Amino acid sequence: MSRKKIALIGAGNIGGALAHLASLKELGDVVLFDIVAGVPQGKALDLAQAGPISGSDSRLCGTQEYSAIEGADVVIVTAGVPRQPGMSRDDLLSVNLGITSKVADGIGQYAPNAFVICITNPLDAMVWALQKRSGLPTHRVVGMAGVLDTARFRLFLAEEFKVSVQDVAAFVLGGHGDDMVPSIRYSSVAGVPLPEAIRLGWTTKERIDAIVDRTRKGGGEIVSLLKTGSAFYAPATAAIEMAESHLKDKRRVLPCAAYLSNQYGVDGVYAGVPVVIGEKGVERVLEIELDAEERAMFEKSVASVRGLIEAAKRIDPSY
Ligand code: TXD
């Protein structure tokens, strides 16, 4: 069986963590791509030197050439600039849209059969642009946000109930950050849905609401602590879980930014929904029933994604 090839476009904070996790798990050989000369090569060499210690035979290399990603099975995109203080939403969108267009051209030319996971913010617009510009089928281009948001939600719930994180299941829909739609009804501890846990007196609605709010602001909490840069260990771990489900055809059910074609009554945009990820990519979008409050929050989230897409089209009419 030929070795799998994982291309990481962007060798910054998340890119380096992705490469480390992919090589530790021996998911395949790793190509780190970045426009900054030396950084992908240096990180690849450093990580390769960890191989003898961890026992990993993953081969790693760094490059500034898209040709080096030829035939990649998985491409994970973190290329972009993080939002600087004073940078407007449209400024960030404009800069990262330009970068994403170049990345999409590289993927379309050299890795047209890859499963592509977008991480770059603003996530819901960047994953849409990546798919549209690269021309890859929608089921093989997804965005990573929901796995990270549910992980944050699960951690805070596990701390609240003083139980293992393994016994907490969480469910989020919709966009990343403020547009996240957490589903209290479908989240559970030890199989007990949260509303039942509240009824049993294990916690209160107020405490759960505070946990939802902290989850929604999870990225900002880390940015304010780090001062320079944003979260990268958990985002990388989340994207690797998605990549692994594809590479090993595990058919995990994971919340991802996936292309909707009339599921949830939405057509033509990416939104955070539960999907089955297998060897073909997104193999199915699971449509759960939303109550009135969840439906309203989901529709608000989709509306803000559509707003981002309209802004992207104004910035680059070729979209
Ligand atoms: O859940 C989520 N989706 C979010 C996403 C979670 C955390 C971070 N979120 C976003 O991911 C963040 O706002 C950024 O847009 C990306 C990547 O975050 P990271 O922390 O890795 O940013 P870095 O360290 O600045 O790395 C970005 C790299 C950097 O090395 C640049 O040189 C490179 O991107 N870069 C490029 N690579 C290739 N091609 C081009 N044109 C390019 N421009 C910059």
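Rules used throughout
Along each chain, numbering runs from 1 in the same order as the chain's sequence is written. Per-residue local features are limited, in this predicted model, to residues with pLDDT of at least 70; the limit for side-chain atom pairs, both in listing and counting, is 80 or more; totals at the level of whole chains, interfaces and linings are taken over all residues. Side-chain measures here rest on the full set of heavy atoms in the structure, leaving out hydrogens and waters. UniProt positions are given in the numbering used here, feature names are shortened, and annotations may be inferred rather than shown by experiment. Pairing of aromatic rings covers Phe, Tyr and Trp, the last counted by its six-membered ring, and requires centre-to-centre distances within 6.5 Å; plane angles under 30 degrees mean stacked, over 60 mean edge-to-face, and any other angle means tilted. In this description a helix means any DSSP run of H or I spanning at least four residues, a strand means any run of E spanning at least two, and both kinds are numbered starting from the N terminus. Three labels apply to residues, based on accessible area from a 1.4 Å probe with only protein chains included: buried if under 20% of the type maximum, exposed if over 50%, partly exposed otherwise in between. In what follows, a disulfide is any cysteine sulfur pair within 2.5 Å. Definition of nearness: a residue and a molecule or strand are near each other if at least one heavy atom of the residue lies within 4 Å of the molecule or strand. Think of a polar contact as two N or O atoms within 3.5 Å of one another; within protein, one of them needs to be a possible hydrogen donor and the other a possible acceptor, and neighboring residues in sequence only count if both atoms come from side chains. All accessible areas in this document rest on Shrake-Rupley with a 1.4 Å probe, and a residue is counted as covered only by the protein chains that are shown. For the domain bounds, the source is a domain assignment made automatically or taken from a database. Between N-to-C directions, angles cover 0 to 180 degrees, with each direction set by a line fitted to C-alpha atoms, over the stretch in contact for helices. In this scheme, a crossing is called left-handed if the near helix is turned counterclockwise away from the far one by less than a right angle; it is called right-handed if the turn is clockwise. Contacts are assigned to residue pairs with any non-hydrogen atoms lying within 4.5 Å of each other. Under the scheme applied, nonpolar residues are Ala, Val, Leu, Ile, Met, Phe, Trp, Tyr, Cys and Pro; charged residues are Asp, Glu, Lys and Arg; polar residues are all the others, including Gly. To estimate the expected span of a helix, subtract one from its residue number and multiply by 1.5 Å. Strand pairing is defined by DSSP finding a minimum of two bridges between the two strands. If the strands point away from the viewer and the path from the first strand over the helix to the second runs clockwise, then the crossover is right-handed.

In the annotation of an unreviewed UniProt entry, the protein chain is listed under the name Malate dehydrogenase and assigned to Methylocystis bryophila. Per its UniProt entry, the protein chain bears the Sequence similarities (unreviewed entry) comment "Belongs to the LDH/MDH superfamily. MDH type 3 family." Turning to the protein chain, the UniProt annotation filed under Catalytic activity (unreviewed entry) states: "(S)-malate + NAD(+) = oxaloacetate + NADH + H(+)".

(A) Fine view of the packing of aromatic side chains. If you walk through the whole model with that rule in mind, you get 7 aromatic pairs. With a centroid separation of 5.6 Å and 35 degrees between ring planes, the pair formed by W128 and Y319 is classed as tilted. Here Y319 lies in the segment after α10 (292-315) and W128 lies in helix α4 (residues 123-134), a separation of 191 residues in the sequence. Residue class for W128 comes out buried when judged on its relative accessible area of 4%. The buried category is assigned to Y319, whose relative accessible area is 11%. Measuring from ring centre to ring centre gives 5.3 Å for Y264 and F298, while their planes differ by 45 degrees; the resulting arrangement is tilted. One end of the pair, Y264, is in the loop between β12 (252-261) and β13 (267-278); the other, F298, is in helix α10, and 34 residues separate them in sequence.

(B) How the structure looks around the state of the cysteines. Per the stated rule, a full pass over the model turns up 0 disulfides. Sulfur of C118: no disulfide; nearest cysteine sulfur belongs to C256 and is 12 Å away. What makes C118 buried here is its relative accessible area of 0%.

(C) Region of interest: the site of the ligand. Taken together, 23 residues lie near the ligand, and N13, I14, D34, I119 and M144 sit nearest. Here M144 contributes a backbone N or O atom positioned 2.9 Å from a nitrogen atom of the ligand. For the ligand, whose unbound accessible area comes to 860 Å², protein coverage reaches 88%. When residues of the shell around the ligand are assigned to domains, at least three map to each of domain 1 (5-144) and domain 2 (146-313).

(D) Focus on the packing of helix α3 (residues 89-110) against α4. For the pair α3 and α4, interaxial distance at closest approach is 8 Å and the crossing angle is 35 degrees. Viewed along their axes, α3 and α4 form a crossing whose handedness is right-handed. Judged by residue contacts, L93, N96, L97, T100, S101, V103, A104, D105, I107 and G108 of α3 engage A125, M126, A129, L130, R133 and S134 from α4. Of the residues assigned to the contact of α3 with α4, the class counts are 9 nonpolar, 5 polar and 2 charged.

(E) Region of interest: α10. Between its first and last C-alpha, α10 extends 35 Å over 24 residues, near the 34 Å set by a 1.5 Å rise per residue. Of all the positions in α10, only E294, F298, S301, V302, V305, L308, I309, A311 and A312 are classed as buried. Taken together, the buried residues of α10 touch α3, α4, β8 (172-174), β9 (180-182), β12 and β13. At the N-terminal end of α10, a side-chain oxygen is found 3.1 Å from the backbone nitrogen of E293, two or three residues along, and the residue is D291.

(F) View of the side chain of S23. Along the chain, the position of S23 falls in helix α1 (residues 13-24). For S23, a relative accessible area of 4% gives the class buried. Once residues lying within four places of it in the same chain are set aside, the contact partners of S23 are S56, S58 and L60.

(G) Examining the pairing of strand β5 (residues 115-118) more closely. Residues F115 and I117 line one face of β5 and the alternating positions V116 and C118 line the opposite face, and both faces are buried. Sheet topology note: the strand β4 (residues 74-77)/β5 ladder contains 4 bridges and is parallel. For I76, the partnering residue across the bridge sits in β5 and is I117. Crossover β4 to β5 through α3 is right-handed. Pairing analysis gives 3 bridges linking β5 to strand β6 (residues 141-143), with the strands arranged parallel. Within β6, the position partnered with C118 by the bridge is G143. In this fold, β5 hands off to α4, which returns the chain to β6; that crossover is right-handed.

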